[in-house]
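# Analysis of the macromolecular model
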Amino acid sequence: MPTSTDYTLAELMCIATAREMPPKGVAMLGMGLPVIAGVLAKLLHTPEITLCTEVGVFDWKPADDIPRAPVGIHDLIFNSGSAMVSDMVDALGALLMGGGTDVGLLGAAQVDRFGNLNTLVIGAYKNVERRLGGTGGNTEIACLAPRVISLIPQEFRRFVDRVDFNTSPGYIDGPGARTQAGLTSQGPNLVVSTMGVLGFDTPDGGETGTCEMTLESTFPGLEPDTVQAQCGWPLRISNGVKEIEPPTTDEVALLRRLDPYQFYLRPDRY
Amino acid sequence: MPTSTDYTLAELMCIATAREMPPKGVAMLGMGLPVIAGVLAKLLHTPEITLCTEVGVFDWKPADDIPRAPVGIHDLIFNSGSAMVSDMVDALGALLMGGGTDVGLLGAAQVDRFGNLNTLVIGAYKNVERRLGGTGGNTEIACLAPRVISLIPQEFRRFVDRVDFNTSPGYIDGPGARTQAGLTSQGPNLVVSTMGVLGFDTPDGGETGTCEMTLESTFPGLEPDTVQAQCGWPLRISNGVKEIEPPTTDEVALLRRLDPYQFYLRPDRY
Amino acid sequence: MAVAGSSSRLPRVPERKLLSAPEAINRFVSDGDTVYAGYTSVCMGLTYEIVRQRKRHLEIVGGSVGIQATVLALSGCIDRVRAGYIAGALRPGIISEMMDSGELKYEDYSNQAIALMLMAGALGIPFIPTRSFLGSDYLDPANEGHPGGYLGNNKWAQLDSPFDGQKTLLLPALTPDVTILPAQRADEFGNVQLWGHMGDAKWAFWAGKKVVVAVEEIVPNEAIRNDPGRTVVPGFMVSAVVHMPYSAHPSSMAGYYDTDYAFQRQAFDGISRSSEAFAAFADEWIYGCPDRETYVRHYVETFGQDALQQIRADTGPDAGQGIRYTYSNELRFP
Amino acid sequence: MAVAGSSSRLPRVPERKLLSAPEAINRFVSDGDTVYAGYTSVCMGLTYEIVRQRKRHLEIVGGSVGIQATVLALSGCIDRVRAGYIAGALRPGIISEMMDSGELKYEDYSNQAIALMLMAGALGIPFIPTRSFLGSDYLDPANEGHPGGYLGNNKWAQLDSPFDGQKTLLLPALTPDVTILPAQRADEFGNVQLWGHMGDAKWAFWAGKKVVVAVEEIVPNEAIRNDPGRTVVPGFMVSAVVHMPYSAHPSSMAGYYDTDYAFQRQAFDGISRSSEAFAAFADEWIYGCPDRETYVRHYVETFGQDALQQIRADTGPDAGQGIRYTYSNELRFP
């Protein structure tokens, strides 16, 4: 498969995420990049993955010649090709909270060493520095999906030791914290950034291990130090850290075809 | 309007109930005779009444030449002519418990002086004398509809001082009891029997008055004493007790046309 | 490092969902299971298969349980029932005797309660409040510990709302081990479409840990995806689909056939009166007709083709005019 | 002695439900009301009428609130927002400033929470549990009493399940004073049919004490009754129907038109940056177009007929083949 050198790091973040999708099972796609990453996976790698979104979309099957990845989780195009469309109580209640989801894909403004996400405020909640849009369905997907893949651009201000506000629990503050809070255990979770793929030290779903984010692989040509430089805490590095395969021309071409309006990926970012 | 002398008391119970239907508003029809009484009212007296049933039927509009009253609350015929069909959470939850129902029509094995109904057991629950089918949706309609019309054959064993098991609260044990139990007040409620029409002494929905059943009118040719003889407690009799109008030939004819299979009214009963 | 496998409570069988009735029941109904088997429309075809496979110690749950519960009780398949209405107990007979003797344990709820409990089970919340039952004798402490009961303090609990003090009754979530239902149609992937008033069926589909559905028609996947708003549960939540026309007979299926009252009265009404009467019924209609095709053939031989014709649901308008889910192929972007 | 009148919480207007937008908003939106005004599809046409009628001190609620909330905030119509996502706060600007200054109070929930709260409101239960939020900073006592808040202890409450000890968060029921939504079609009696993925719309329809719906098409009552499974809320729960094609523009309506991103970016993106920018927008599109016909005409004059053509939802299959709700005209009785 011919590889490409014509790509942005944000594009590679989506491509790497698509490669990490489970081969089958039910995926709940969160707002933003999760949608295009999920569709890329479905068309290229994991045709049996089941794509769902919180507005009431169940098992959307894109046509091979689909003109675009859905623009947002509520694009009308989801109505054509889904096995079921209904509402949010069905999607975030019966499907997600009912236990039928296998993996959630999320974005966020911040992530921390335990994989907690922040979608609400920069600064303290009682003394807001910068208000964000809010969590939408991010909180329930983080609380209730048995595993989570997050897409977060690798920036120092985003990879913080402790999120300013934990809207969406990862491993909270270490082993056992999820079950103590009343959540089910979770994992293996991933963060895919614009520089690498990061797992968590969770041998059994967050009950043991350090539960800390761990660099598993870097993007082509990037060293772990480069990732560390964009991370606000001393990052655990896997012993066998490696480089991911560069993107193929097919991956890049399809990703760009799925984003005809540059809604998801603008060439000037990352 | 020509009147008829060719009728059974059970038929007149349905006819009298149909006459007592409110001119408009939402009626939840319980199992059994409520269905045919409600349809009779809709076709003959109260075309603006909205007929609903608990299985997910909303605003069923029978055609003028409808071949039958629905046989049961779940007859497929309800799917043709309803403004909406869905499910029981919508009907007994969103519509009934949500406060959208104006009147419930019920049947029961027993009724007592405070209008409580019993659909579950004859004898004590811990020492069952005779088991009945159970309450179905009777309990919630009695608890949650702002008023109730019950159709109960006038028999000594059915009109009891205190129901063996109060499955479906009327005024429970007197004024204020409903609100104290956490229910909304209710009324004016009615019991239509095979001998007369009985209201309750509830000047303001069960907060004051005796809340006792009160004979308001008798069927043609019947004296209050005859009703009292089939009632297990000293019945309150309204000062102005009168006879109801005898059934018209139209009422009897339509009722019989609506029951082509004698599912509701067998000539050999009452 | 790919995220693989599944920790979900659902037994996923994406490979092949179209099974025969014996396969589906053998694989997805186990002794001791809590079974939801319909309310307004019941799947007699699969119920008979449960009887033929002699499943034991089942619990049956549902808003109102009718002929399916009667047959399962008389066959010795169930020993517990959790429902709002037990049609078999309406008249004195074997079912009432089983309830009196303790052979058939029971917990009385209501139709609304069971529907809400199934919804809570589907939603993955441990309980849901209702304002029904307040003021009734169901909540009278004197009735606690009645001899038929088996849930004890797990039946329900009272709580005043922390927000406004409103009295409520908390109903525990109900997640049947297996939901067995008929529907109009499905595809081979288990996507089920059901229409018409449906009682508590939707939430039973979603609450069941395993789901077996019998359908009048198997349709192509495209037919489902062309009208996804008719889908009541997506295939990935369904364990098995059985193609079984007339699976609900003598109950009804909108658009296909209406209730067969004549058969209900002739064949069913007497079965609770004596074990001999039930044995005769079972020999003829359950064991004597090992699959639904044989059952329908025997029905036609016994009552004539006219009988089948008469219950056909052939009256009523066509639906769905003018419904389009269309989108814009080329969006308007700056 | 007939049972008459109505004690229901709903303002019944059975006489005439087809109103103009000014009539409907004037009659059913009052200062101080809690307003649900859409999530995935929002009714901009009626939102603009609220602005023109200068309603004040409204609270807006919804899962994710987008351009409708932005316009209402910038117009000074709302002073409180209860939502899972506030699109207007995403980028720094007037909305963020209003939230910082206390001019716009806010209570942060999530999309699931709002959907469940609307459902609880519709069902008439005072609260509903969720297992979301556990372990998050939303429940950190240190965040109680934040300056934007206005619900205090009525925001939510924690409770361990009395059945299994599972930790839950109890969410209070949400019953908007008025729900304002677009839909594909309705009849003159207010029976609303809506299809496609619908976010929290269904429960908002049922939870609203008053309901105003704007539809693309008014259809005969028979069209509704021929396909009652498409109905999302029956007419007797609806206060007013407004016939208003393109009421959701620049958001979308399945089967009619898709999202108009070009318009959103050109006309909307800048409005939160300065009060002048918003005033220019409002003068042109809200006050300058006092009804939706004028709005559409002005749109076509500004962007051309091609723009309207481009957002037309014209791709996708026809739905609803083979759906019949038929019954048997003559039942089979013994």
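In the block above lies the structure referred to throughout.
Before going into details, it helps to say that this report is about the structure given with it. Keep in mind that this is a model prediction, so the values were computed, not measured. (Residues numbered from 1 in each chain as written. Chains lettered and ligands numbered in written order. Predicted model: local features only at pLDDT ≥ 70, side-chain atom pairs only at ≥ 80, totals over all residues. Heavy atoms only, no water.)

### Section: the overall build of chain C
When helices and strands are tallied, chain C shows 11 helices and 12 strands. Over its C-alpha trace chain C gives a radius of gyration of 21 Å, about what one expects of a compact globule, namely 20 Å for 334 residues. Expressed along its principal axes, the backbone C-alpha trace of chain C runs to roughly 70 × 65 × 45 Å. Within chain C, residue pairs in contact and separated by at least 24 positions form 73% of the contacts whose partners lie at least 6 positions apart. Looking at chain C as shown, the accessible area adds up to about 10,700 Å², and 47% of this sits on carbon and sulfur atoms. (Helix = DSSP H or I, 4+ residues; strand = E, 2+ residues; numbered from the N terminus. Rg over C-alpha atoms; globule rule 2.2 N^0.38 Å. Contact = heavy atoms within 4.5 Å. Areas by Shrake-Rupley, 256 points an atom, 1.4 Å probe, with all protein chains shown as cover.)

### A short note on the arrangement of the chains
Where the five pairs of chains in contact are concerned, the greatest contact count is recorded for chains C and D. These two, chain A and chain B, are apart from each other, with no contact and a minimum C-alpha gap of 13 Å.

### With respect to the interface of chain C and chain D
Every contact between the two is made by 70 residues of chain C and, on the other side, 70 residues of chain D. Counting every contact that joins chain C to chain D gives two salt bridges. The partner of D227(C) in a salt bridge is R230(D), and the shortest N-O contact between them spans 2.9 Å. Run the count over chain C and chain D and you get four residue pairs in polar contact (both at pLDDT 80 or more). Here the element with the most residues in the side of chain C that touches chain D is helix 8 (residues 261-268) of chain C; it accounts for five residues. A per-class count over the side of chain C that touches chain D returns 34 nonpolar, 21 polar and 15 charged. (Salt bridge = Lys/Arg side-chain N within 4 Å of Asp/Glu carboxyl O. Polar contact = N/O pair within 3.5 Å; in protein donor to acceptor, adjacent residues only side chain to side chain. Nonpolar A, V, L, I, M, F, W, Y, C, P; charged D, E, K, R; others polar.)

### Brief notes about the relation of the copies chain C and chain D
The operation relating chain C to chain D is a screw motion whose rotation component is 180°, with 0.0 Å of axial translation and a residual RMSD of 0.0 Å. Such a combination of turn and shift is consistent with a two-fold rotation axis. Residue by residue, 100% of the interface of chain C is reproduced at the interface of chain D, so both copies engage with the same surface. (Least-squares fit on C-alpha atoms with pLDDT ≥ 70 in both.)

### Observations concerning the packing of helix 3 (residues 88-97) of chain B against helix 5 (residues 111-123) of chain C
In the contact formed by helix 3 of chain B and helix 5 of chain C, the axes pass within 9 Å of each other and the chain directions differ by 110°. If you check the angle between helix 3 of chain B and helix 5 of chain C, you find them roughly perpendicular. Where helix 3 of chain B crosses over helix 5 of chain C, the handedness of that crossing is left-handed. Touching M88(B), V89(B), L92(B) and M97(B) of helix 3 of chain B are N111(C), Q112(C), A115(C), L116(C) and M119(C), all from helix 5 of chain C. Across the contact of helix 3 of chain B with helix 5 of chain C, the residue classes break down as seven nonpolar, two polar and no charged. (Axes fitted to C-alpha atoms, helices over the stretch in contact; angles between N-to-C directions. Parallel < 35°, antiparallel > 145°, perpendicular 65-115°, else oblique. Left-handed = near helix turned anticlockwise from the far one by under 90°.)

### Some details on the environment of R16(C)
Structurally, R16(C) can be placed in the segment before helix 1 (21-28). Separated by 11 residues in the primary sequence, R16(C) and R27(C) place their C-alpha atoms 13 Å from one another.

### A short note on helix 5 of chain C
What sets the pattern is the α-helix's 3.6 residues per turn: residues three or four places apart point alike. All names here are of chain C. The end-to-end C-alpha distance of helix 5, which contains 13 residues, comes to 18 Å, matching closely the 18 Å that a straight helix rising 1.5 Å per residue would cover. Counted residue by residue, helix 5 has 13 buried out of 13 residues, so it is predominantly covered. Once helix 5 ends, the next one or two residues include G124, with phi positive near 75°. (Expected span 1.5 Å × (residues − 1). Buried < 20%, exposed > 50% of the residue type's maximum accessible area, 1.4 Å probe, protein only.)

### Observations regarding the pattern of salt bridges
Within this structure, the stated rule accounts for 44 salt bridges over all chains. Linking D59(A) and R225(C) is a salt bridge whose minimum nitrogen-to-oxygen distance equals 3.1 Å. In this pair, D59(A) sits in strand 3 (residues 57-60) while R225(C) sits in helix 7 (residues 221-225), so the two residues belong to two different chains. The same class applies to D59(A) as to R225(C), namely buried. One salt bridge in this structure joins K155(D) and E107(D), with 3.3 Å as the shortest N-O distance. Of this pair, K155(D) sits in the loop between strand 5 (127-130) and strand 6 (157-160) while E107(D) sits in strand 4 (residues 105-108), placing them 48 residues apart in sequence.

### Some details on the interface of chain B and chain C
Between chain B and chain C, the residue contacts involve 49 residues of the former and 57 residues of the latter. Contact between chain B and chain C buries roughly 4,100 Å² in total, counting both sides, with carbon and sulfur atoms accounting for 56%. Among the residues of chain B in contact with chain C, L76(B), Y125(B) and R131(B) are the three that bury the most area, contributing 17% of the side total. Put simply, chain B and chain C have two salt bridges between them. (Buried area = accessible area lost by both parts, 1.4 Å probe.)

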